[in-house]
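The lines below spell out each chain.
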Amino acid sequence: MRQKIVAGNWKMNGSKESIVSLVSGLLKMKDSNSEVVIAPSFPYLSQVCDLVDASSLVLAAQNISHEVKGAYTGEVSASMLGDFGVKYVLLGHSERRSIYGETDAIVASKVKTALEFRLTPMLCIGETLEERQSNQTLAVCERQLQAVIALVGIESFEKMVVAYEPVWAIGTGLSASAEQAQEVHESIRAFLAKSSESVSQKVQILYGGSVKASTSSALFQMPDVDGALVGGASLDAEEFIAIIKAAG
Ligand code: PEP
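Keep in mind the model is a prediction, meaning the values are calculated, not measured.

## Let's talk about the overall build of the protein chain
Inference 1: When helices and strands are counted, the protein chain shows 11 helices and eight strands.
Inference 2: The principal-axis extent of the C-alpha atoms belonging to the protein chain is close to 45 × 45 × 35 Å.
Inference 3: When the 248 residues of the protein chain are sorted by exposure, 44% land in the buried category.

## Quick notes on the nonpolar core
Inference 1: Ranked by internal contacts, the top residues of the largest apolar core, which has 72 residues, are A60, V89 and M122.
Inference 2: The residues touching A60, leaving out its near neighbours within four places in the chain, are A7, V37, I38, A39, V86, K87, Y88, V89, L90 and M122.

## A closer look at the sheet that holds strand β4 (residues 86–91)
Inference 1: With parallel pairing, eight strands are arranged side by side around a closed barrel as β1-β2-β3-β4-β5-β6-β7-β8. Each strand axis lies, on average, 25° off the axis of its neighbour in the sheet, ignoring direction.
Inference 2: As paired elements, strand β1 (residues 5–9) and strand β2 (residues 35–39) share five bridges and run parallel to each other. In the sheet register, A7 faces β2, and the bridge partner there is V37.

## Description of the site of the ligand
Inference 1: Near the ligand you find 14 residues, and of these I170, G208, S210, G231 and G232 are the closest.
Inference 2: The residue makeup of the shell around the ligand, split by class, is five nonpolar, seven polar and two charged.

## Structural notes on the UniProt feature "binding site: substrate" (unreviewed entry) in the protein chain
Inference 1: UniProt records the feature "binding site: substrate" (unreviewed entry) for N9, W10, K11, G171, S210, G231 and G232 in the present numbering. For the residues just named, distributed over 224 residues, the greatest C-alpha separation is only 13.6 Å, placing them together at one site.
Inference 2: Other than its neighbours up to four places away in sequence, N9 contacts A39, Q62, L90, L229, V230, G231 and S234.
Inference 3: Relative to the helices and strands, W10 resides in the loop between β1 and α1 (16–27).
Inference 4: A residue is classified by how many C-beta atoms lie within 10 Å of it, and W10, with 22 of them, is buried.
Inference 5: For W10, the contacting residues outside a window of four places in its chain are I38, A39, P40, S41, S234 and L235.

## Observations regarding the packing of α1 against helix α11 (residues 237–247)
Inference 1: Where α1 meets α11, the closest approach of the two axes is 9 Å, and the angle between their N-to-C directions is 35°. Relative to α11, the crossing made by α1 is right-handed. Contact with α1, carried on its side by L22, G25 and L26, involves A237, F240 and I241 of α11 and no other residues of that element.
Inference 2: Taken together, the residues of the contact of α1 with α11 break down into five nonpolar, one polar and no charged.

## With respect to the packing of helix α7 (residues 137–152) against helix α8 (residues 178–195)
Inference 1: Close contact between α7 and α8 brings their axes to 10 Å; oriented N to C, the two are set at 40°. Taken together, the axes of α7 and α8 are oblique relative to one another. Here the hand of the crossing between α7 and α8 comes out right-handed. Residues T137, L138, C141, E142, L145 and I149 of α7 lie in contact with α8, whose contacting residues are V184, S187, I188, F191 and S195.

## Some points on the pairing of strand β5 (residues 120–125)
Inference 1: Within β5, five of the six residues are buried, which leaves the element mostly enclosed by the surrounding structure.
Inference 2: Strand direction decides the pairing type here: β5 and strand β6 (residues 161–164), joined by four bridges, are parallel. Looking across to β6, one finds that I125 is bridged to Y164.

About the criteria used
- Residues numbered from 1 in each chain as written.
- Predicted model: local features only at pLDDT ≥ 70, side-chain atom pairs only at ≥ 80, totals over all residues.
- Helix = DSSP H or I, 4+ residues; strand = E, 2+ residues; numbered from the N terminus.
- Buried ≥ 20, exposed ≤ 12 C-beta atoms within 10 Å, placed from the backbone.
- Core = buried A, V, L, I, M, F, W, Y, C linked by C-beta atoms within 7 Å.
- Contact = placed C-beta atoms within 7 Å.
- Pairing = 2+ DSSP bridges.
- Axes fitted to C-alpha atoms, helices over the stretch in contact; angles between N-to-C directions.
- Near = placed C-beta within 6 Å.
- Nonpolar A, V, L, I, M, F, W, Y, C, P; charged D, E, K, R; others polar.
- UniProt positions renumbered as here; feature names shortened; annotations may be inferred.
- Left-handed = near helix turned anticlockwise from the far one by under 90°.
- Parallel < 35°, antiparallel > 145°, perpendicular 65-115°, else oblique.

Okay, here's the thing in C-alpha cells:
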C-alpha cells in the first residue's frame with residue numbers, strides 16, 4: 001500500500017502574518033493517514049519550520065540549485081534546506097520549465113543534487129495543451145522521466161515522488177478528470193515498470209492541476225493516484241484540510 005501524500009505548493013505567495021494564520025489553521029486538523037506537506041517560499045522556511053514544530057506537517061522547498069555551493073548569487077543549495085528540516089523539494093515544476101527555461105537536463109541534475117543531500121525530489125512532469133491535443137501526453141511524460149532515469153538510475157525513484165501535472169490544468173481552474181488522471185498515472189507506472197517492476201509499484205504518483213476539495217474525492221479513488229500536489233487551493237486552510245480529508 002502506498003501512503004497518500006497531499007502537498008501544498010504556496011508558490012510566491014504569503015507574508016509573515018498570513019503564514020501564521022495559514023499554519024495555525026492547518027494545525028487545527030486532526031492527524032491524517034496521508035502525509036501532509038507544505039512548500040513555502042524560501043524566506044519563510046525558517047518561520048514555518050518553527051511553527052510546525054513537532055506536528056506531523058512536513059516541509060518542502062520549491063526549488064534548489066543544482067550546484068552544491070559557491071559563487072551562485074541568488075541561488076539556494078540543497079544542504080541549506082537540511083538546516084530547516086526540509087524533506088521534499090519540488091523539481092521540474094512547469095513554471096520553472098516554462099518561465100525559467102529549466103530543461104530536462106537541468107531538472108535531472110537538480111534531482112541528482114537533491115538526492116545527494118538526502119532531500120526527496122517531487123519530480124513534476126506533464127504536457128501542455130498543444131501536446132495533449134496532438135497525442136503527445138505520454139511521449140512528453142516519458143521523455144521527462146527518461147532524462148532523470150538516465151542520470152540517477154531507476155532505483156533512485158524509490159527515494160522520489162512523481163507529480164503528474166498537466167500544464168493546461170495548472171492555475172487554470174481546469175482540472176483533469178479523475179479518469180484522465182488515472183489513465184496517465186497508469187501509463188507512467190507502466191513506463192517505470194519497464195526499468196523496474198518493484199520500483200514502479202512503490203513510487204507515489206501525485207496529481208496536480210487545479211485540485212479542489214470538490215474534485216479531490218473522485219481523484220483519490222483512482223488506484224494509481226497516490227495523492228495531490230495542490231497550488232491555489234492550498235492557500236486556504238479550510239479548503240486544503242477538506243482535500244486532506246478526502247485523501248483519507
Ligand atoms: C501547482 O502549482 O503545482 C498547482 C498544481 O497549482 P494549482 O493547484 O493552482 O493548479
